[in-house]
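Results of the structural survey
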Amino acid sequence: MKKIESIVLAADLAGTAVFALEGAIVAMRHGLDLLGVMVLSFVVALGGGVIRDLLIGATPPNAVRDWRYPVLAFVTGLLTFVFHDTARALPFMPIMTLDAAGLALFAVAGAQKALDYRIGPFIATLMGTVTGVGGGVVRDILLARVPMVLAADIYASAAFVGAVVLVAGRRFGLSPMLAALLGGGACFALRILAVMHGWQLPKATPW
Amino acid sequence: MKKIESIVLAADLAGTAVFALEGAIVAMRHGLDLLGVMVLSFVVALGGGVIRDLLIGATPPNAVRDWRYPVLAFVTGLLTFVFHDTARALPFMPIMTLDAAGLALFAVAGAQKALDYRIGPFIATLMGTVTGVGGGVVRDILLARVPMVLAADIYASAAFVGAVVLVAGRRFGLSPMLAALLGGGACFALRILAVMHGWQLPKATPW
Amino acid sequence: MKKIESIVLAADLAGTAVFALEGAIVAMRHGLDLLGVMVLSFVVALGGGVIRDLLIGATPPNAVRDWRYPVLAFVTGLLTFVFHDTARALPFMPIMTLDAAGLALFAVAGAQKALDYRIGPFIATLMGTVTGVGGGVVRDILLARVPMVLAADIYASAAFVGAVVLVAGRRFGLSPMLAALLGGGACFALRILAVMHGWQLPKATPW
């Protein structure tokens with residue numbers, strides 16, 4: 001049991017670092033200063049979880065209760081800033097793959113936490129989705145642009161599918177770990193396939 | 001008593017559906033995809049109530065506790081997306097009238113809920129206003145534009161007046177239903193009159 | 001003790017009024033109407049404290065619990081609107097100096113309140129920073145622009161330094177008042193020096 005908890009914590013911290021790295025890169029691309037870079041690292045990595053915790057009544061949110069998460073996000077942001085030439089040269093595919101893994105992890109962990117707080121199954125799937133994409137939405141609000149998840153790509157939808165699989169799995173009696181693996185796998189696979197094939201959600205014909 | 005509760009619930013669900021319809025139409029106008037349409041339906045219909053509940057300490061917010069509200073918002077958004085040619089052709093006046101009715105309902109219900117949570121009378125009027133206009137403000141933030149209620153129209157002011165009438169009515173001993181009817185009527189009438197006559201709040205002379 | 005409490009309350013109300021004045025001026029510059037002016041006064045003056053209170057679990061937030069704060073913000077906004085020719089003519093240096101004093105006050109008061117709610121020392125410094133700059137961030141979000149603290153100036157960093165000094169001072173056994181004076185003084189001095197010398201945080205080379 002101790003070992004599983006360690007794996008879960010390690011995965012959570014790894015996902016936080018990946019999202020923080022991406023937040024820092026976007027911040028530098030938009031000409032923010034060092035403080036802006038660190039704020040975007042925090043927001044992208046931890047914003048989704050903070051929104052989820054506020055909505056399900058788990059206050060103070062985990063990122064405010066446990067100093068390891070903000071410290072990890074800030075250190076990642078600082079390192080990305082210092083080594084920005086390296087960060088700039090990072091290839092797309094590995095980053096996108098790590099991002100999909102982080103999305104999968106956050107979606108199933110967020111849905112599971114909502115269930116733990118006695119939130120009903122349908123809302124729990126929404127909370128998983130919010131955990132996965134909330135940080136990116138706040139990032140886009142801070143950059144004064146329409147959140148990308150609202151207009152393009154199978155991204156929030158992949159998080160939603162992963163959360164649905166987790167919640168359905170728990171309903172049908174699967175163990176937390178197995179349901180999380182199935183849900184996370186579904187989210188990850190859907191996201192990767194969508195990027196590879198350029199899948200998009202439908203839009204209404206132009207107004 | 002049962003009957004009154006049913007009427008209140010029906011009105012609340014109707015207001016939610018109207019706001020969700022409007023959110024979906026705005027989302028399609030801005031080129032969002034199906035997910036964006038459903039998110040805007042949710043946000044416009046339920047965002048104001050979520051903000052109010054977080055501020056008065058009623059967590060988890062009602063839209064997270066009661067799955068009927070998000071389901072209704074999403075279904076409305078989905079139907080609006082599927083029948084977008086019909087939605088496009090909806091005439092202005094009936095939509096505006098229904099919107100004014102929804103605004104009136106949300107303003108008085110929000111102020112009453114704040115009073116129920118022992119919030120003082122002045123802040124309760126603000127909470128009623130936030131319930132009425134908060135969803136539209138978040139919609140505009142997501143669309144990366146200055147919230148319309150801050151720059152034009154008698155809209156938030158109508159919600160405020162309705163909430164003031166409700167709170168004053170309760171103070172002077174009116175029943176909840178009578179105070180809500182008076183407050184809602186004041187908000188509705190003021191909003192309709194303002195649209196018909198093009199009333200605007202004053203602005204400072206250009207800077 | 002009564003006397004100290006009165007001083008703290010007076011300082012808090014003065015800081016609220018200064019921030020509300022600045023919010024009203026920015027709102028008028030952006031062509032908002034009277035309601036928008038009053039909302040921006042509220043948001044700039046009280047937004048940081050509301051975010052801090054939601055994050056540390058102090059709900060309802062102080063600005064919702066104590067009607068004196070919103071009333072003060074609204075009255076300040078209204079007066080600034082009525083006397084907008086005078087507000088327009090206010091010179092930069094005194095406003096900037098008062099703003100730095102308000103920032104210092106909010107940063108140390110916010111960090112102290114987080115400590116009072118048993119938030120750990122590192123997160124308490126972040127909560128102090130959020131209290132100082134959160135209102136300005138929400139102002140910029142409502143104006144659909146990238147928050148200025150993320151891209152330029154020693155402003156959030158000054159608030160952070162002030163909060164760090166307060167938290168460190170409390171850790172080393174200083175009285176609340178002495179720690180607040182040292183922290184507030186550090187924030188104020190750093191902010192003023194940064195404006196006078198045009199100090200900026202580093203940015204990554206253009207992408």
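Quick caveat: nothing in here was measured; it's all calculated off a predicted structure. (Residues numbered from 1 in each chain as written. Chains lettered and ligands numbered in written order. Predicted model: local features only at pLDDT ≥ 70, side-chain atom pairs only at ≥ 80, totals over all residues. Heavy atoms only, no water.)

**Quick look at the interface of chain C and chain A**
The interface of chain C with chain A comprises 29 residues on the first partner and 29 residues on the second. There are zero salt bridges connecting chain C and chain A. Applying the counting criterion to the chain C and chain A interface returns four residue pairs in polar contact (both at pLDDT 80 or more). If you list the elements that add at least two residues to the side of chain C that touches chain A, you get helix H2 (34-56), helix H7 (121-142) and helix H8 (156-171) of chain C. Looking at the side of chain C that touches chain A, the element that brings in the most residues is H7 of chain C, giving six residues. (Contact = heavy atoms within 4.5 Å. Salt bridge = Lys/Arg side-chain N within 4 Å of Asp/Glu carboxyl O. Polar contact = N/O pair within 3.5 Å; in protein donor to acceptor, adjacent residues only side chain to side chain. Helix = DSSP H or I, 4+ residues; strand = E, 2+ residues; numbered from the N terminus.)

**A word on unusual backbone geometry**
When glycine is set aside, most residues are seen to have a negative phi, and most peptide bonds are trans. Of note, the bond from Thr59 of chain A into Pro60 of chain A is cis; its omega dihedral lies within 30 degrees of zero at -5°. On the secondary structure map, Pro60 of chain A appears in the loop between helix H2 (34-56) and helix H3 (62-65). Even without being a glycine, Ala144 of chain B presents a positive backbone phi close to 60°. Within the secondary structure layout, Ala144 of chain B lies in the loop between helix H7 (121-142) and helix H8 (156-171). Even without being glycine, Asp153 of chain B reaches a positive phi, approximately 75°. In this structure, Asp153 of chain B sits in the loop between H7 and H8.

**Points about the UniProt feature "domain: Glycine transporter" (unreviewed entry) in chain A**
All names here are of chain A. In this structure's numbering, the residues bearing the UniProt feature "domain: Glycine transporter" (unreviewed entry) are residues 10-84 and 97-168. This span, residues 10-84, is 84% helix and 0% strand, and a straight line between its end C-alpha atoms measures 25 Å. Secondary structure across residues 97-168 divides into 76% helix and 0% strand, with the first and last C-alpha atoms of the span separated by 25 Å. (UniProt positions renumbered as here; feature names shortened; annotations may be inferred.)

**Re the packing of aromatic side chains**
For the structure on display, the rule yields nine aromatic pairs over all chains. An angle of 20° between the planes, with centres 5.6 Å apart, marks the rings of Phe42 of chain A and Phe74 of chain A as stacked. Of this pair, Phe42 of chain A sits in helix H2 while Phe74 of chain A is found in helix H4 (residues 68-82), placing the two residues 32 residues apart along the sequence. The same class applies to Phe42 of chain A as to Phe74 of chain A, namely buried. Put simply, the rings of Phe42 and Phe74 of chain A together with Phe122 of chain C touch in pairs and so form one group of aromatic residues. (Phe/Tyr/Trp six-rings, centres within 6.5 Å; stacked < 30°, edge-to-face > 60°. Buried < 20%, exposed > 50% of the residue type's maximum accessible area, 1.4 Å probe, protein only.)

**Side note on empty space enclosed by the protein**
Under the criterion given, the structure shown has one cavity of 30 Å³ or more. Within this model, the largest cavity holds a volume of roughly 50 Å³. Ile141 and Ala144 of chain A, Asp140, Ile141, Ala144 and Arg145 of chain B together with Ile141, Ala144 and Arg145 of chain C are the residues that line the largest cavity. A breakdown of the residues in the lining of the largest cavity according to their chemical character gives six nonpolar, no polar and three charged. (1 Å grid on protein atoms, 1.4 Å probe; cavity = no way out; pocket = protein on both sides within 12 Å on 5 of 7 lines; lining within 4 Å. Points joined across faces, edges and corners; volume = space filled by probe spheres on them. Nonpolar A, V, L, I, M, F, W, Y, C, P; charged D, E, K, R; others polar.)

**Quick notes on the relation of the copies chain C and chain A**
Copies of the same chain, two in number, are related to each other by a rotation about an axis and a translation along it. Take chain C, turn it by 120°, move it 0.0 Å along the axis, and it overlays chain A with an RMSD of 0.0 Å. Overall, the copies show the geometry of a three-fold rotation axis. Within chain C, the C-alpha atom positioned nearest to the axis of rotation is that of Ala144 of chain C, 3.2 Å from it. Interface residue correspondence from chain C to chain A reaches only 10%, placing this contact among heterologous pairings that use different surfaces. (Least-squares fit on C-alpha atoms with pLDDT ≥ 70 in both.)

**Here we look at the pattern of salt bridges**
Residue and element names in this part refer to chain A. Counted according to the given criterion, the structure contains 18 salt bridges over all chains. A salt bridge links Arg139 to Asp140; its shortest N-O distance comes to 3.0 Å. With a relative accessible area of 1%, Asp140 lands in the buried category. Through salt bridges with shared partners, a single ionic network connects Arg52, Asp53 and Lys113.

**Here we look at the UniProt feature "transmembrane region" (unreviewed entry) in chain A**
Residue and element names in this part refer to chain A. Look at the UniProt record and you will see "transmembrane region" (unreviewed entry) annotated at residues 7-28, 34-55, 67-84, 90-110, 122-142, 148-168 and 180-199. Here residues 122-142 is 100% helix and 0% strand, with 29 Å between the C-alpha atoms at its ends. Along residues 180-199 the backbone is 90% helical and 0% strand, and the end-to-end C-alpha distance reaches 25 Å.

**Overview of the relation of the copies chain B and chain C**
Superposition of chain B onto chain C requires a rotation of 120° combined with a translation of 0.0 Å along the rotation axis, giving an RMSD of 0.0 Å. Different-surface contact between copies: only 10% of interface residues of chain B are shared with the interface of chain C.

**Details of the packing of helix H7 (residues 121-142) of chain A against helix H8 (residues 156-171) of chain A**
Residue and element names in this part refer to chain A. Between H7 and H8, the shortest axis-to-axis distance is 8 Å and the interhelical angle comes to 140°. The angle between H7 and H8 falls in the class oblique. Note that H7 runs across H8; the crossing there is right-handed. On H8, the residues touching Pro121, Ala124, Thr125, Leu126, Gly128, Thr129 and Val133 of H7 are Ala156, Ala159, Phe160, Ala163, Val164, Val167 and Arg171. Broken down by class, the residue content of the contact of H7 with H8 amounts to ten nonpolar, three polar and one charged. (Axes fitted to C-alpha atoms, helices over the stretch in contact; angles between N-to-C directions. Parallel < 35°, antiparallel > 145°, perpendicular 65-115°, else oblique. Left-handed = near helix turned anticlockwise from the far one by under 90°.)

**Topic: H7 of chain C**
One full turn of an α-helix is made of 3.6 residues, so residues set three or four places apart face in the same direction. All names here are of chain C. Between its first and last C-alpha atoms H7 spans 31 Å; for 22 residues at 1.5 Å apiece the expected length is 32 Å, and the two agree. The sharpest bend along H7 comes to roughly 50°, located at Val133. The element H7 is extensively covered by neighbouring structure, given that 18 of its 22 residues are classed as buried. Directly after H7, the chain includes Ala144, whose backbone phi takes a positive value near 60°. (Expected span 1.5 Å × (residues − 1). Bend = angle between axes of the 7 residues up to and from the residue.)

**Focus on the interface of chain B and chain C**
On the side of chain C, 29 residues touch chain B, which itself brings 29 residues to the contact. Of the roughly 2,300 Å² buried at the junction of chain B and chain C (both faces included), carbon and sulfur atoms supply 75%. Where chain B packs against chain C, one counts zero salt bridges. On inspection of chain B and its partner chain C, the count reaches four residue pairs in polar contact (both at pLDDT 80 or more). Residue assignment for the side of chain B that touches chain C shows that the elements contributing at least two residues are helix H2 (34-56), H7 and H8 of chain B. With six residues, the top contributor of residues to the side of chain B that touches chain C is H7 of chain B. Here the side of chain B that touches chain C is composed, by residue class, of 23 nonpolar, three polar and three charged. (Buried area = accessible area lost by both parts, 1.4 Å probe.)

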